[in-house]
Amino acid sequence: MSEPKTFAIRTFGCQMNEHDSERIAGMMVADGLVASSDERSADVIILNTCCIRENADNKLYSALGELKALKKERPGLQIAVGGCLAQKDREGVLDKANWVDVVFGTHNLAAAPKLLRRSEFEGPLVEILESPDPTAAADMVPALNAVREVPWAAWMTIQTGCNNSCAFCIVPSVRGEEISRPLEDLLEESRLLAEQGVCEITVLGQNVNSYGRDITKRRPLFADLLREIGKINGIERIRFTSPHPKDLREETIAAMAETSAVCNQLHLPLQSGSNAILTAMRRGYTAERYMEKLAAARAAIEDLAVTTDIIVGFPGETEEQFEDTLRVVAACNFDSVYTFIFSPRPGTRAADMESEYISPEVVKERFARLKDVVDRSSLRQHEARVGRTEEVLVEGPSRRDASVLSGRTRQGKLVHFTGPNEGLRPGAVVNVIVTHGAPYHLLGDYVSTIRGPRHKVRIPLHVS
Ligand code: SF4
């Protein structure tokens, strides 16, 4: 019998794309292929792309440039390109890289194995759908067979697409309108994940807290979903990303506060502290309204860690408007801020505001000033945790020092801690006393073990 073919997936972009890759990997395994962590020897290489982040095009086409040589060495190698950039560039991918075998989009990820098989006989194939095909969209395929990186935590996509129209964002045009998966399917999937030993579920959606709006307008289904997943035996931690501030409802805050499994963590993208810029971005809230919602969440949810996203140098941003952002960021006392330099995505409104682009020197200087405020805020929040005992889900040895273990608190903070390396396996939950706070992590000492790992699999398959 011949050896099964091997595949490797290279993922660009956000957690949703990472999760899509896990599911593509699951489908490839179901099709008889074997996952490989060595891309150079794999029979099939899939590039799962993202066009949201800066330089996405450059990254894809330079990766394809590297693979051209590999394909020359091994003509049997199959190369597939999927995800947002494929959805956007379509046949253009083959125009630029005619050594690619298959191009598939965001609405038909599940078609990848079939397209790869067909292309062996039919040559290069491009299949892009304009809207999800329920039989072919991996977005709508449960994650149970996904090849996950770790066995104790899972992502679960609850909704695809976005009905908003933020001026800087390409998502609505590549992912389409919001489509929510049925609540019952999500609960069934959560129960089965718990049976597999998963204790942490991160719920994913482009506009996650508007989940269910396309199913019913009568009830806030996102709040119901959090409460119902929280009742499932074995699910101890629920996180979600990314919510939209304008859609953060009282019911969601109440569900977070009253469901013990929902982690004390809220990522609430602010984007700018200037109302004029927020209007130009079409975000649908003011800085004041954002701060009111944040205050309501902090009042209701004990020990809530809050993170955000800020874009520096949106077209037309004046010095005064940037200073508004600095003031709001300082006032919000964020635990962490993901800062981005504006970069135009072709096809978005902001890309057409070329005459108002801010010079790179000014943007660089503003970025450094923002980073300073952000780092001080993170440090303050982290130093305030020194002396506290935190519940930590162990992830394994620290990347820098194998004698130290790393894990995450319920607030999502990375902790490196010393302790009994013997017998403490990834997936265990322990108490750690915090001894030091740095801007991006905490240090601590092991105190006691709450429980050992619940999952049965020791080593997961690896998605490269
Ligand atoms: S809410 Fe705005 S930023 Fe988020 S996915 Fe939708 S359009 Fe993009």
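Residues numbered from 1 in each chain as written. Predicted model: local features only at pLDDT ≥ 70, side-chain atom pairs only at ≥ 80, totals over all residues.

Trainee: Got a minute to help me understand the overall build of the chain in this structure?
Mentor: Broken down by element type, the chain carries 13 helices and 19 strands. Taken over the C-alpha trace, the chain has a radius of gyration of 23 Å; the compact-globule value for 464 residues is 23 Å, and the two agree within 12%. With the principal axes as the frame, the chain shows a C-alpha extent of 60 × 60 × 50 Å. Counting all 464 residues of the chain, 44% fall into the buried class. Intrachain contacts of the chain at a sequence separation of at least 6 include 73% that bridge at least 24 residues. (Helix = DSSP H or I, 4+ residues; strand = E, 2+ residues; numbered from the N terminus. Rg over C-alpha atoms; globule rule 2.2 N^0.38 Å. Buried ≥ 20, exposed ≤ 12 C-beta atoms within 10 Å, placed from the backbone. Contact = placed C-beta atoms within 7 Å.)

Trainee: Help me out: how do you make sense of the environment of H416 in this one?
Mentor: The topology assignment puts H416 in strand β17 (residues 414-418). Placed 27 residues apart in sequence, H416 and L443 show a C-alpha to C-alpha distance of 5.0 Å. Look past the residues within four positions of H416 in its chain and what remains in contact with it is S398, V404, S406, H441 and L443.

Trainee: Any chance you could explain helix α1 (residues 15-30) here in plain terms?
Mentor: Three- or four-residue spacings in an α-helix give side chains the same orientation, since the helix completes a turn every 3.6 residues. Compared with an ideal rise of 1.5 Å per residue, which puts 16 residues at 22 Å, α1 spans 23 Å between its outermost C-alpha atoms and is within 8% of the ideal. In terms of residue burial, α1 counts as a mostly covered element, since 12 of its 16 residues are buried. Residues of α1 that are buried include every one of M16, N17, H19, D20, S21, E22, R23, I24, A25, G26, M27 and M28, and no others. Phi turns positive, to about 100°, at G32, one or two residues after α1. (Expected span 1.5 Å × (residues − 1).)

Trainee: Explain the site of the ligand to me, please; I cannot follow it from the model alone.
Mentor: Neighbouring the ligand are the residues C162, N164, C166, C169, V171, P172, Q206, N207 and H244. Classifying every residue of the shell around the ligand gives 5 nonpolar, 4 polar and no charged. (Near = placed C-beta within 6 Å. Nonpolar A, V, L, I, M, F, W, Y, C, P; charged D, E, K, R; others polar.)

Trainee: I'm lost on the sheet that holds strand β11 (residues 237-241) in this one. Help?
Mentor: Paired through their backbone hydrogen bonds, the strands of a sheet run either parallel or antiparallel. Taking strand neighbours across the sheet as the criterion, the 3 strands line up as β7-β10-β11 in an open arrangement whose pairing is parallel. In this open sheet, the two strands that pair with only one neighbour each are β7 (153-157) and β11. Across the sheet, the axes of successive neighbouring strands diverge by a mean angle of 20°, strand direction being ignored. Lying over the sheet, helix α7 (residues 183-195) contacts β7 and β10 (200-204), oriented at roughly 170° with respect to β7. (Pairing = 2+ DSSP bridges. Axes fitted to C-alpha atoms, helices over the stretch in contact; angles between N-to-C directions.)

Trainee: What am I meant to see in the packing of helix α8 (residues 221-230) against helix α9 (residues 250-258) here?
Mentor: Packed helices, taken two at a time, are described by their axes: the angle between them and the distance between them. Contact geometry for α8 and α9: axes closest at 8 Å, N-to-C directions at 10°. Classed by the angle they form, the pair α8 and α9 counts as roughly parallel. Between α8 and α9, the residues in contact are F222, A223, L226 and R227 and E251, T252, A254, A255 and M256, respectively. Within the contact of α8 with α9, the residues separate by chemical class into 6 nonpolar, 1 polar and 2 charged. (Parallel < 35°, antiparallel > 145°, perpendicular 65-115°, else oblique.)

Trainee: Explanation requested: the pairing of strand β4 (residues 78-83) in the structure shown.
Mentor: A regular strand carries its side chains on alternate faces of the sheet. The buried fraction of β4 is high, at 6 of 6 residues. Judged by which residues are buried, β4 turns out to be covered on both faces: Q78, A80 and G82 on one side and I79, V81 and G83 on the other are all buried. Relative to β4, strand β3 (residues 44-49) runs parallel, the two sharing 6 bridges. Looking at β4, one finds that I46 is bridged to A80. Here 2 bridges tie β4 to strand β5 (residues 102-104), and the two strands are oriented parallel to one another. Across the sheet, the residue bridging to V81 is V103, located in β5.

Trainee: Which parts of the structure should I look at to understand helix α5 (residues 112-122)?
Mentor: Within the sequence span of α5, burial applies to A112, P113, L115 and L116. For α5, the arc enclosing every buried residue in end-on projection is 165°, short of the 170-degree limit, so these residues lie on one face. Every exposed residue of α5 that faces more than 90 degrees away from the buried side is listed here: F121 and E122. Of the surrounding secondary structure, the elements contacted by the buried residues of α5 are α1, β3, β4, β5 and β6 (125-127). Immediately beyond the C-terminal end of α5, within one or two residues, lies G123, with a positive phi of roughly 85°. (Arc of directions from axis to C-beta.)

Trainee: Help me out: how do you make sense of unusual backbone geometry in this one?
Mentor: Comment: phi is negative for the bulk of residues other than glycine, and the bulk of peptide bonds are trans. Residue S242 is bonded to the preceding T241 through a cis peptide linkage, with omega at -5°. For Q271, which is not a glycine, the phi torsion comes out positive at approximately 75°. By the element assignment, Q271 lies in the loop between β12 (265-267) and α10 (275-281). Phi angles above zero are rare outside glycine, and D303 is one such case at about 50°. With respect to the helices, strands and loops of the structure, D303 is situated in the loop between α11 (287-300) and β13 (305-312).

Trainee: Honestly, the nonpolar core in this entry has me stumped. Any pointers?
Mentor: When a protein is soluble and globular, its nonpolar side chains tend to lie buried together. If you look at the biggest cluster of nonpolar residues, it comprises 100 residues, and the most contacted ones within it are I46, A80, F104, A112, L225 and L226. Sorting elements by how many residues they give to this core places α8 first, with 6 residues. Each of two domains, domain 1 (6-127) and domain 2 (138-383), supplies a minimum of three residues to this core. The residues contacting F104, other than those within four sequence positions of it, are A80, G82, A86, L109, A111, A112, L115 and E127. Core analysis: the next-biggest nonpolar cluster, separate from the first, contains 12 residues, V392, A428, V434 and L442 among them. (Core = buried A, V, L, I, M, F, W, Y, C linked by C-beta atoms within 7 Å. Domains from an automatic or database assignment.)

Trainee: Would you mind showing me how to read the domain arrangement of the chain here?
Mentor: Interface size, as often reported, equals the accessible area lost upon joining of the parts. Under the domain assignment, the chain is made up of domain 1 (6-127), domain 2 (138-383) and domain 3 (389-451). For domain 1 and domain 3, the distance between their C-alpha centroids amounts to 36 Å.

Trainee: Can you help me understand the confidence of the model for the chain in this one?
Mentor: Close inspection of predicted coordinates is inappropriate in any region flagged by low pLDDT. Predicted confidence across the chain gives a mean pLDDT of 91, with 94% of residues reaching 70 or more. In the predicted structure, residues 458-464 sits below a pLDDT of 50 and forms 20 contacts with residues beyond four places in sequence or in another chain. (pLDDT = per-residue confidence, 0-100.)

Trainee: Looking at this model, I keep getting lost on the packing of helix α12 (residues 319-332) against helix α13 (residues 360-383). Mind explaining?
Mentor: Between α12 and α13, the least distance of the axes is 10 Å, while the angle of their chain directions is 10°. Judged on the interaxial angle alone, α13 and α12 are roughly parallel. Contacts between α12 and α13 involve F322, L326, V329 and A330 on the former and, on the latter, R366, R369, L370, V373, V374 and S377. Within the contact of α12 with α13, the residues separate by chemical class into 7 nonpolar, 1 polar and 2 charged.

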